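Working through the structure, step by step
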Protein chains: 2
Amino acid sequence: MTFDTQHVRAVIERAKSEERTMLTPDEALAVANAYQIPVPAQQIANSAEEAASIVESRERPQVFKVISNDIVHKTDAGAVVTGVVGADAARDAYDGVVSNAKSSNPDASIEGVLVQEQAEAGLEVIVGGTTDPVFGKLVAFGLGGIMVEVLQDVTFRLAPATTEDAREMLDEISGSEMLDGVRGMPAVDRGGIARLTASVSQLIADVPQISEIDLNPVIATADGVCAVDVRILLDFEEPVQRPRPSQEEILAAMSRIMRPSAVAVIGASAEEGKIGNSVMKNLIDGGYQGHLYPVHPRAEEILGKKCYASVLDIPTEVDIAIFCIPARFVASVIAECGEKNIAGAILIPSGFAEIGEHELQNEVVEAARKHNVRLMGPNIYGFYYTHHDLCATFCTPYTERGPVALSSQSGGVGMAIIGFSRSAKMGVSAIVGLGNKADIDEDDLLTFFEEDPNTQVVAMHVEDLKDGRAFAEVASRVSKKKPVVVLKAGRTQQGARAASSHTGALAGNDRVYDAVLRQSGVIRVHSLNDMLEYARGLAVLPDPKGENVLILTGAGGSGVLLSDACVDHGLKLMGMPEDLDAAFREFIPPFGAAGNPVDITGGEPPSTYSATIDLALHDERIHALILGYWHTIITPPMVFAELLADAVERAREEGIDKPVACSLVGDVEVEEACEFLNDHQVLAYPYTAEKPVAVLGAKYQWSHQARMLDSPIG
Amino acid sequence: MTFDTQHVRAVIERAKSEERTMLTPDEALAVANAYQIPVPAQQIANSAEEAASIVESRERPQVFKVISNDIVHKTDAGAVVTGVVGADAARDAYDGVVSNAKSSNPDASIEGVLVQEQAEAGLEVIVGGTTDPVFGKLVAFGLGGIMVEVLQDVTFRLAPATTEDAREMLDEISGSEMLDGVRGMPAVDRGGIARLTASVSQLIADVPQISEIDLNPVIATADGVCAVDVRILLDFEEPVQRPRPSQEEILAAMSRIMRPSAVAVIGASAEEGKIGNSVMKNLIDGGYQGHLYPVHPRAEEILGKKCYASVLDIPTEVDIAIFCIPARFVASVIAECGEKNIAGAILIPSGFAEIGEHELQNEVVEAARKHNVRLMGPNIYGFYYTHHDLCATFCTPYTERGPVALSSQSGGVGMAIIGFSRSAKMGVSAIVGLGNKADIDEDDLLTFFEEDPNTQVVAMHVEDLKDGRAFAEVASRVSKKKPVVVLKAGRTQQGARAASSHTGALAGNDRVYDAVLRQSGVIRVHSLNDMLEYARGLAVLPDPKGENVLILTGAGGSGVLLSDACVDHGLKLMGMPEDLDAAFREFIPPFGAAGNPVDITGGEPPSTYSATIDLALHDERIHALILGYWHTIITPPMVFAELLADAVERAREEGIDKPVACSLVGDVEVEEACEFLNDHQVLAYPYTAEKPVAVLGAKYQWSHQARMLDSPIG
């Protein structure tokens, strides 16, 4: 579609010159026409006579609506009349709405009466655009009337959105079914709504001065759409542009930061208990193999390493400088780092924006920009990159290498990551503290992890995004290659935002986060424990090759709970082909249940577990396996664990690697069995049916959005 | 309100005599009148002339509706016309609807045209009654039209429901706000809807032959309600009555079963690996102090206990017989148990209904009824009652005494209960396997636990309820005294039920379970792990004295996650009084945040934790405390755990016992700290913010429903 952006700009310029932040109905109409937004025939009448002549010239009934910025709820005020036919009725209607408007608000300025062709009966929807402080321009779609007002049934996309994006939005709302016609109404023109939504998104993206658009209602019928009311708000303030290096620059700097050849510790200390001492020790104890340079004004040597008075004195190139000095000294050292061509300053010290010292933080940021040094932090525990034996932190070393990269904005969550990882023996590539995010943030990290061969899963704790749009852009790309799990904290603190449009008011922070994270292919979790478990589990589970999930259980009761969890997490229990059903029945007692779940019953020996697990692993129609083990004397927990680990191992050797998720119920021995299985890269949990299925569900969610599997589920 | 039940019965009798299962509109009208269900003025016309004369006699516009059981969607068929005024229009309308009806279905039998006064504009709601296979007579309320059809926004209560119950139903639906008026509509008459709902519930309860009622739509306005369409379906089949002993009989039998003075083991065995051997050993190893009588046809002595050939040979009274013999021998021994006046038979053997042997099970049930023996099982692991040192099971002994009683329908879940309890050191009063529930079921157990001084919390895994109404009745009573947690498995298997009314079709099994469990005051959980954690936590947390929850944290990040969780679980973060805010500020650094959460910041020594915790425990305005600990060198995990346990202990000694729930984030040492705290009766979890808040949320949910606190939340 081609849009007349020039014309819109001219309209906006005129409004600007008249210092208006809202377009008149005439102007809004012109903008709608320029962006092929269908609107009813309409004209403004300034007298009862004028109204009468307009009505006489039209065939369909007309709607009269007072034009006034001072009356918000026009219907309530009696300032709207529908179904006007004929000149007499037109005169009455004109006088009626104007007098009602005046009595509802005697001070209201009335700029005429809009005479508009009455839309055919149809489904009311709402399409709008808004400007979000985090994500910028957004487009919204929802069902109109009570659905949006009472149930807030609305969804968002970053603008501009494609028509395909818009079609997905139509499926996302709860009342989506209404678009297909209910109670004898015909299905509405989905394509028309999608095109309209895409046009609105293009409009708000093309013309940044448009802050909010409300098409409310849009009447959708089988034949098309019509925006009955168009409201456009303006904001001429220039948005603050956040400087953003190029993709290549980010990658170059981040690679030096995460895998440095030489590290300087500013404020290194020999004194036990000092942060500069802990950081030195962790680097050494963690086994860092690169150059390590303590920097201290007077010391000769710290922990056996030669000391330098300044980074400028260091003989080799240096990639990162870890700051262990008080906040007020940071800025001046940053300048030296720049001179030394250091890529990144790791700012452990607190005492910046988090305690209100914004100016001090700005000073550091400016110094860093000026000298081309990237900043991590301030107010962080540091970071780990295990595949380079780098523990650049004052916490304890973490050296269990693996494919999971994690970041946290808060130190508390960082400590939970370290503790959980150690306890669960989670293989980690990186753990990064982002703290105040004065510079480096999630999109920088994602850009690095995308290319990092040691990272296969990314999990991030986020309190706020400094640049939501940059994050969404990078996350959309990265999540197609590697699962990205996000715990967005503060989600229930719905931002109290001043908004003068419906769309704006509906864009409470969390709803927008939810929509944009989904659009970005991110797996959003709602609890810390889920973030940690998903991170661990996603790395363990191989990619499923298809939708078909089979539950195999020794306890009927577990089978029911596992089935419940499958439905909760959008997993598809495969329908059981007759031959496969018969094949399972070969191994299980006559009163056991084939079908899905396959219930091998509780009294069976290890051989029954082995035979049925082998069958499930080898049948190509089964794409993922959920196991429900039940503790019995005949097949004790460790026996089960060993036979399962062995079966999976043998299958892997044959090139078969399916996701296997296990729930073990039984006496405390099942804990040891789970540990054994997890050590053998088989996902297993004791005393829960929900958790293994939830993690498998996350894997499927990722597989679908990364388009590895054809169709989305559930 | 007084209802003319006699008249309704007469109407029903006539329909029965004519072998109809649906009332005619005239009959439905008569029933509605008898139960004070407001309906519009209406009359049946059999000719265009008759219709014309009816319309002429009325003032308001009329609706014409063809009467035919053969046309389901009358509006779609054009068999409904609205707004008929005047004799001419009446004749046209009559002919029109009849001819449309005939062309939509030429074979339709048409019994006339209903001429009905058109309702005023108002809000469409739906009120109905249905008969559920588990819960019997139910009443339903929902918003009409698309809200019920697309969003299935409907709720249920057991019938009869009081007007107060019905008022609660109005608040339960998602679109509840619509009742208060949106988009310029006035608020509707909530009282009128509630009274109507109560009347319908009374009607379906009074007249069991009425299987389904649909009042759809009911038009609600500010001034009242009017049921525009009344549809009543009948079912003359006599429902199967489940025999149910009196409350006193249940209690007498269950007390003997759970706390027996003498136990017989039928099929006791000296042979290792046999169930009859495991049961004997567990009874002995568990420390059972009563008489223990092995029963075996030949043995003299088993495990040092004198053997008897039959229970009839045992010299003392016997309370329970634990069956460890094959299924086919059970029935005959039950007869002997009856003769011996044994209260309960614990049927461990499988091989009954669960494998299709319904007849064998019925035989046992009949023998038991005949001989007045209660049955537990069959197909169970047995049961534990720790306060009587009774391990009547083939599993391992469990002897950690405490206030939590648990039951499971499946053996798998039973083993998870035992393993989790042991691992978490959960103090348990009873663990009971219910298996096939041929006789004893959840309501029998609840009746016992209600009076059992050793039980303070009940948690039940339920796959189906044999008698939902009996369960609801007992659970409503018990849950006012002790929290009852229910994990209803199989909840996603929406029963595919044949239903010929809207209300019936909406009553998918799980939606009804959900509504009735809520009505019964039960805390419903959706995962096995939640059931176990809630059971443990509810017993640890004392009852809160009020709504005010305070979060106290060493990590700002934890504070945000804990706040999120509070909103998720309906907890009210108290507004901070100025003096209390100032009192906290005395102890925390200037850049720390008072308010709620109180953020004492991460670098603080133990004394800051102690001082602020003491303050929170001692200020009477704070009713519950959530702690977010962050691992630091200055206040290590065990130091925190000890100071907290000490503070809580001191407060308890002073008579202050508030719920305290802790989230500990940090390195693996926090696990040990959590264990220490839990050992000291302070609820604590590592690596999660969600769990402690969820458990506290469950405690509040219970406190509210048990009316210990004034108003419901969330």
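Here, the structure is the one placed above.
Summarised in this report is the structure supplied together with it. (Residues numbered from 1 in each chain as written. Chains lettered and ligands numbered in written order. Predicted model: local features only at pLDDT ≥ 70, side-chain atom pairs only at ≥ 80, totals over all residues. Heavy atoms only, no water.)

**Let's talk about the overall build of chain A**
Along chain A, the regular secondary structure elements total 23 helices and 30 strands. Overall, the C-alpha framework of chain A stretches about 95 × 80 × 40 Å when taken along its three principal axes. Looking at the 714 residues of chain A, the share that counts as buried comes to 60%. Within chain A, residue pairs in contact and separated by at least 24 positions form 71% of the contacts whose partners lie at least 6 positions apart. For chain A, the exposed area adds up to about 27000 Å²; of that, 48% sits on carbon and sulfur atoms. (Helix = DSSP H or I, 4+ residues; strand = E, 2+ residues; numbered from the N terminus. Buried < 20%, exposed > 50% of the residue type's maximum accessible area, 1.4 Å probe, protein only. Contact = heavy atoms within 4.5 Å. Areas by Shrake-Rupley, 256 points an atom, 1.4 Å probe, with all protein chains shown as cover.)

**Concerning the pairing of strand S15 (residues 320-323) of chain B**
Residue and element names in this part refer to chain B. Neither face of S15 is exposed, since Ile-320 and Ile-322 on one face and Ala-321 and Phe-323 on the opposite face are all buried. Where strand S11 (residues 262-266) lies against S15, four bridges are found, and the strand directions are parallel. If you follow Val-263 over to S15, its bridge partner there is Ile-320. When S15 meets strand S16 (residues 344-347), the two strands line up parallel, connected through four bridges. Paired with Phe-323 across the bridge in S16 is Leu-347. Between the parallel elements S15 and S16, the chain passes through helix H10 (residues 330-339) in a crossover that is right-handed. (Pairing = 2+ DSSP bridges. Right-handed = clockwise from strand over helix to strand, strands pointing away.)

**Comments concerning the interface of chain B and chain A**
Contact residues are listed per partner, giving 60 residues for chain B and 60 residues for chain A. Here chain B meets chain A over a buried area of about 5000 Å², counting both sides, of which 64% is carbon and sulfur. Between chain B and chain A we count two salt bridges in total. Put simply, B:Arg422 and A:Asp667 hold a salt bridge, and the shortest N to O gap is 2.7 Å. Scanning the region where chain B abuts chain A turns up 13 residue pairs in polar contact (both at pLDDT 80 or more). The set of elements that each furnish at least two residues to the side of chain B that touches chain A consists of helix H5 (146-149), helix H12 (411-423), strand S23 (484-488), helix H17 (528-540) and helix H18 (556-568) of chain B. (Buried area = accessible area lost by both parts, 1.4 Å probe. Salt bridge = Lys/Arg side-chain N within 4 Å of Asp/Glu carboxyl O. Polar contact = N/O pair within 3.5 Å; in protein donor to acceptor, adjacent residues only side chain to side chain.)

**With respect to the relation of the copies chain B and chain A**
What relates the two chain copies is a rotation about an axis together with a slide along it. With an RMSD of 0.2 Å, chain B superimposes on chain A once it is rotated by 180° and translated 0.1 Å along the axis. Within this description, the copies of the chain are treated as partners about a two-fold rotation axis. When C-alpha distances to the rotation axis are compared across chain B, the minimum falls at B:Met147, with a value of 4.4 Å. (Least-squares fit on C-alpha atoms with pLDDT ≥ 70 in both.)

**A word on the packing of helix H6 (residues 163-172) of chain A against helix H7 (residues 190-206) of chain A**
Residue and element names in this part refer to chain A. Orientation of H6 relative to H7, taken along the N-to-C sense of each, is 120°, at an axis distance of 8 Å. Accordingly, the angle class assigned to the pair H6 and H7 is oblique. The handedness of the crossing between H6 and H7 comes out as right-handed. Of H7, the residues touching H6 (which contributes Thr-163, Ala-166, Arg-167, Met-169, Leu-170 and Asp-171) are Arg-190, Gly-191, Ile-193, Ala-194, Arg-195, Thr-197 and Ala-198. Residues of the contact of H6 with H7, tallied by class, amount to six nonpolar, three polar and four charged. (Axes fitted to C-alpha atoms, helices over the stretch in contact; angles between N-to-C directions. Parallel < 35°, antiparallel > 145°, perpendicular 65-115°, else oblique. Left-handed = near helix turned anticlockwise from the far one by under 90°. Nonpolar A, V, L, I, M, F, W, Y, C, P; charged D, E, K, R; others polar.)

**Let's talk about the environment of A:Val364**
Residues and elements named next belong to chain A. Looking at where Val-364 falls in the secondary structure, it is placed in helix H11 (residues 358-370). Looking at Val-364, the relative accessible area reads 2%, which means it is buried. A C-alpha to C-alpha distance of 9.3 Å links Val-364 and Ala-327, two positions 37 residues apart in sequence. Contacts of Val-364, omitting those with residues within four sequence positions, involve Val-330, Ala-331, Ile-334, Leu-347, Phe-352 and Leu-375.

**Section: the pattern of salt bridges**
Residue and element names in this part refer to chain B. Within this structure, the stated rule accounts for 78 salt bridges over all chains. One salt bridge connects Arg-244 with Glu-473, and the closest N-O pair in it is separated by 3.9 Å. Residue Arg-244 is located in the loop between strand S10 (230-234) and helix H8 (247-258), and its partner Glu-473 is located in helix H14 (residues 468-478); the two are separated by 229 residues in the primary sequence. Its salt-bridge partner being Arg-374, residue Asp-444 comes within 2.9 Å of it at the nearest N-O pair.

**So, the packing of aromatic side chains**
Residue and element names in this part refer to chain A. For the coordinates displayed, the defined rule picks out 18 aromatic pairs over all chains. Ring centres 5.9 Å apart and planes at 45° place the aromatic pair Tyr-609 and Tyr-629 in the tilted group. With Tyr-609 in helix H20 (residues 606-618) and Tyr-629 in strand S28 (residues 624-630), this residue pair connects regions lying 20 residues apart in the sequence. Residue Tyr-609 is classed as buried on the basis of its relative accessible area of 5%. Tyr-629 gets classed as buried once you look at its relative accessible area, which sits at 0%. Here Tyr-629 and Phe-640 contribute two aromatic rings whose centre-to-centre distance is 4.5 Å and whose plane-to-plane angle is 20°, an arrangement assigned as stacked. With a gap of eleven residues between them, Tyr-629 in strand S28 and Phe-640 in helix H21 (residues 637-653) connect regions that are remote in the sequence. (Phe/Tyr/Trp six-rings, centres within 6.5 Å; stacked < 30°, edge-to-face > 60°.)

**Regarding helix H3 (residues 48-56) of chain A**
Residues and elements named next belong to chain A. Among all positions of H3, only Ala-48, Ala-51, Ala-52, Ile-54 and Val-55 are buried. Summarising the axial view, the buried residues of H3 lie within an arc of 165°, below the 170-degree limit, and thus occupy one face. Of the surrounding secondary structure, the elements contacted by the buried residues of H3 are strand S1 (42-45), strand S2 (62-66), strand S3 (80-84), helix H4 (87-104) and strand S4 (113-117). (Arc of directions from axis to C-beta.)

**Description of the sheet that holds strand S2 (residues 62-66) of chain B**
Residues and elements named next belong to chain B. Here four strands make up an open sheet; going across it, the order is S1-S4-S2-S3 and the pairing antiparallel. One side of each edge strand has no neighbouring strand; the edge strands of this open sheet are strand S1 (42-45) and strand S3 (80-84). Within the sheet, the average angular offset between the axes of one strand and its neighbour, ignoring direction, is 20°. Bridge count between S2 and S3: three bridges; the pairing is antiparallel. Among the inter-strand pairings, Phe-64 is bridged to a residue of S3, identified as Val-81. Each of S1, S2, S3 and strand S4 (113-117) touches helix H3 (residues 48-56); the most contacted strand, S1, lies at about 160° to it.

**A few points about a negative patch on the surface**
Taken together, the side chains of A:Glu357, A:Glu359, A:Glu363 and A:Glu366 make up a negatively charged region of the molecular surface. Tracing the backbone through its elements, the reader meets A:Glu357 in the loop between strand S16 (344-347) and H11. (Patch = residues over 30% accessible without salt bridge, like charges linked within 9 Å, V, L, I, M, F, W, Y side chains within 5 Å. Lys, Arg positive; Asp, Glu negative; His and termini not counted. Charge placed at Lys NZ, Arg CZ, Asp CG, Glu CD.)

**Notes on the packing of helix H1 (residues 5-17) of chain A against helix H2 (residues 25-34) of chain A**
Residue and element names in this part refer to chain A. Following both chains from N to C, one finds H1 and H2 inclined at 160°, their axes separated by 9 Å at the closest point. On the basis of the axis angle, H1 is roughly antiparallel to H2. Helix-helix and strand crossings are classified by hand; for H1 and H2 the assignment is left-handed. Of H2, the residues touching H1 (which contributes His-7, Val-8, Val-11 and Arg-14) are Glu-27, Ala-30, Val-31 and Ala-34. Taken together, the residues of the contact of H1 with H2 sort by class into five nonpolar, one polar and two charged.

**Notes on unusual backbone geometry**
The amide bond that connects B:Gly377 to the next residue, B:Pro378, takes the cis arrangement and shows omega of 0°. On the secondary structure map, B:Pro378 appears in the loop between strand S17 (374-376) and strand S18 (382-385). The residue after B:Asn596, namely B:Pro597, is reached through a cis peptide bond having omega 5°. As for its position among the elements, B:Pro597 is in the loop between helix H19 (578-585) and strand S27 (598-599). Positive phi, normally seen in glycine, also occurs at A:Leu303, with a value near 50°. With respect to the helices and strands, the residue A:Leu303 is situated in the loop between strand S13 (301-302) and strand S14 (305-306). Positive phi outside glycine occurs at B:Asn372, with the angle close to 60°. Position of B:Asn372 relative to the elements: it lies in the loop between helix H11 (358-370) and S17.

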